[in-house]
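Each chain is listed here by its residues.
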Amino acid sequence: MARLRLGVLVSGRGSNLQALIDAAADPAFPAEVALVLSNRADAHGLERATAAGVATAVVDHRAFPGDKRAFEGAMDDALRAANVDLVCLAGFMRLLSPWFVERWHDRLLNIHPSLLPSFKGLDTHARALAAGVRVHGCTVHLVRPAMDEGPILAQAAVPVLPGDDERSLAERVLAAEHRLYPLAVRLLAEGRARVLGERVEIDGDGPDGSTALIVPALR
Ligand code: GRF
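Residues numbered from 1 in each chain as written. Predicted model: local features only at pLDDT ≥ 70, side-chain atom pairs only at ≥ 80, totals over all residues. Heavy atoms only, no water.

## Side note on the site of the ligand
Okay, so step 1: In the neighbourhood of the ligand, the contacting residues comprise R13, G14, S15, N16, G91, I111, H112, P113 and E177.
Okay, so step 2: Between an oxygen atom of the ligand and a side-chain N or O atom of R13, the distance comes to 2.5 Å.
Okay, so step 3: Between an oxygen atom of the ligand and a side-chain N or O atom of S15, the distance comes to 2.5 Å.
Okay, so step 4: Relative to its unbound accessible area of 370 Å², the ligand is 84% covered by the protein chains.
Okay, so step 5: For the shell around the ligand, the elements supplying multiple residues, two or more each, are α1 (15-24) and β5 (108-112).
Okay, so step 6: Partitioning the shell around the ligand into residue classes produces two nonpolar, five polar and two charged.
Okay, so step 7: Counting only domains with at least three residues in the shell around the ligand, you end up with domain 1 (1-104) and domain 2 (112-219). (Near = heavy atom within 4 Å. Polar contact = N/O pair within 3.5 Å; in protein donor to acceptor, adjacent residues only side chain to side chain. Areas by Shrake-Rupley, 256 points an atom, 1.4 Å probe, with all protein chains shown as cover. Helix = DSSP H or I, 4+ residues; strand = E, 2+ residues; numbered from the N terminus. Nonpolar A, V, L, I, M, F, W, Y, C, P; charged D, E, K, R; others polar. Domains from an automatic or database assignment.)

Next comes the structure, spelled out in C-alpha cells:
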C-alpha cells in the first residue's frame, strides 16, 4: 500500500520532525516525510531534513508583509506540489488562518505540550508546575481555527515529580512527544482513527484501554 505523504511544518529545533523521520525509516511505517516546510531559513529542522534526504522548502512570512493569505497560499502551493496528504505542525510558530485550516480540514495535525484542553498556548510546563498538577503530558490533535483546539487524536501522560523544574518537566514531556507523534500518524494512516465531527474514534479501543493513549507504568 502507498505510504501517506507527510508535509511537516517547522519553525525551529525540529526534534518532533526527527521523530517522524526516524519512524518513517522503517519501511513498515505507513507514512513518509515528503516535504519539510519552514517559515524560517535558519530553522534547524531544515538541516535535519536535508541530512535525511528529505525535500525542503522555505516560505518566509516576512516576504508577505500584511498579506497572510499570500503567505499561506505559497505554503499551500508547496505542499500540493509535493503531493502531500497530511500536514503535521511540529513547532510551527505562526497561527494559521481559517482559510488554510479549512483547506486542510481533517488533514492537518498539531502536537501541543500539554494534556489539552488544559494549558493551551505558550509556557505550558511553567503553568502546569504553578497549578500543581500531578499529571502533565502532550496531545496530538486535528487543527481547527482556534489555537490549540480540535479533535484529540492521541495523548501521552507523564508524571510531575517532586523537585521538577520547567526544564526537567519539558524534557520528560518532549520524550513522550517523540513517541506520540509517530503513533498518532500511524493511527490515521492505517485508517484506525476516524474523525467523527469534533471527536476521534480509534478502531479496536474499548473499556480496557486505548492505543491512542501512552501512560507511564504505575510505580
Ligand atoms: C514541541 O514542544 C511541540 O509540542 C510544540 O513546539 C515544540 C517543538 O519542538 N508545539 P521541536 O521543534 O519539535 O523540537
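## Here we look at the environment of G53
Okay, so step 1: You can see G53 is positioned in the loop between α2 (44-51) and β3 (56-58).
Okay, so step 2: A C-alpha to C-alpha distance of 9.9 Å links G53 and A34, two positions 19 residues apart in sequence.

## Concerning the packing of aromatic side chains
Okay, so step 1: Going through the model one piece at a time under the given rule, you end up with two aromatic pairs.
Okay, so step 2: Note on F64 and F71: the rings are 6.2 Å apart at their centroids and 50 degrees apart in plane angle, and the pair reads as tilted.
Okay, so step 3: Taking 6.4 Å as the distance between ring centres and 55 degrees as the angle between the ring planes, the aromatic pair formed by W99 and F100 counts as tilted.
Okay, so step 4: The exposure class assigned to F100 is buried, which follows from its relative accessible area of 0%. (Phe/Tyr/Trp six-rings, centres within 6.5 Å; stacked < 30°, edge-to-face > 60°. Buried < 20%, exposed > 50% of the residue type's maximum accessible area, 1.4 Å probe, protein only.)

## Quick notes on a negative patch on the surface
Okay, so step 1: On the surface, D123, D165, E166 and E171 cluster together to form a negatively charged patch.
Okay, so step 2: Overall, D123 belongs to the exposed group, its relative accessible area being 54%. (Patch = residues over 30% accessible without salt bridge, like charges linked within 9 Å, V, L, I, M, F, W, Y side chains within 5 Å. Salt bridge = Lys/Arg side-chain N within 4 Å of Asp/Glu carboxyl O. Lys, Arg positive; Asp, Glu negative; His and termini not counted. Charge placed at Lys NZ, Arg CZ, Asp CG, Glu CD.)

## Considerations on the domain arrangement of the protein chain
Okay, so step 1: In terms of domains, the protein chain is made up of domain 1 (1-104) and domain 2 (112-219).
Okay, so step 2: The gap between the C-alpha centroids of domain 1 and domain 2 is 21 Å.
Okay, so step 3: Opposite the 22 residues of domain 1 that make contact, domain 2 presents 15 residues.
Okay, so step 4: Overall, the association of domain 1 and domain 2 removes approximately 1500 Å² of surface from exposure, summing both partners, and the carbon and sulfur fraction of that is 75%.
Okay, so step 5: The interface formed by domain 1 and domain 2 contains zero salt bridges.
Okay, so step 6: Where domain 1 meets domain 2, there are three residue pairs in polar contact (both at pLDDT 80 or more). (Contact = heavy atoms within 4.5 Å. Buried area = accessible area lost by both parts, 1.4 Å probe.)

## With respect to the packing of α1 against α2
A pair of packed helices is characterised by two quantities: the angle between their axes and the separation of those axes.
Okay, so step 1: The geometry of α1 relative to α2 is characterised by a closest axis approach of 9 Å and an angle of 15 degrees between their N-to-C directions. What the angle tells us is that α1 and α2 run roughly parallel. Here α1 and α2 pass one another in a crossing that is right-handed. The segment α1 lies against α2, with S15, L17, Q18 and I21 engaging G45, R48 and A49.
Okay, so step 2: Grouping the constituent residues of the contact of α1 with α2 by class yields three nonpolar, three polar and one charged. (Axes fitted to C-alpha atoms, helices over the stretch in contact; angles between N-to-C directions. Parallel < 35°, antiparallel > 145°, perpendicular 65-115°, else oblique. Left-handed = near helix turned anticlockwise from the far one by under 90°.)

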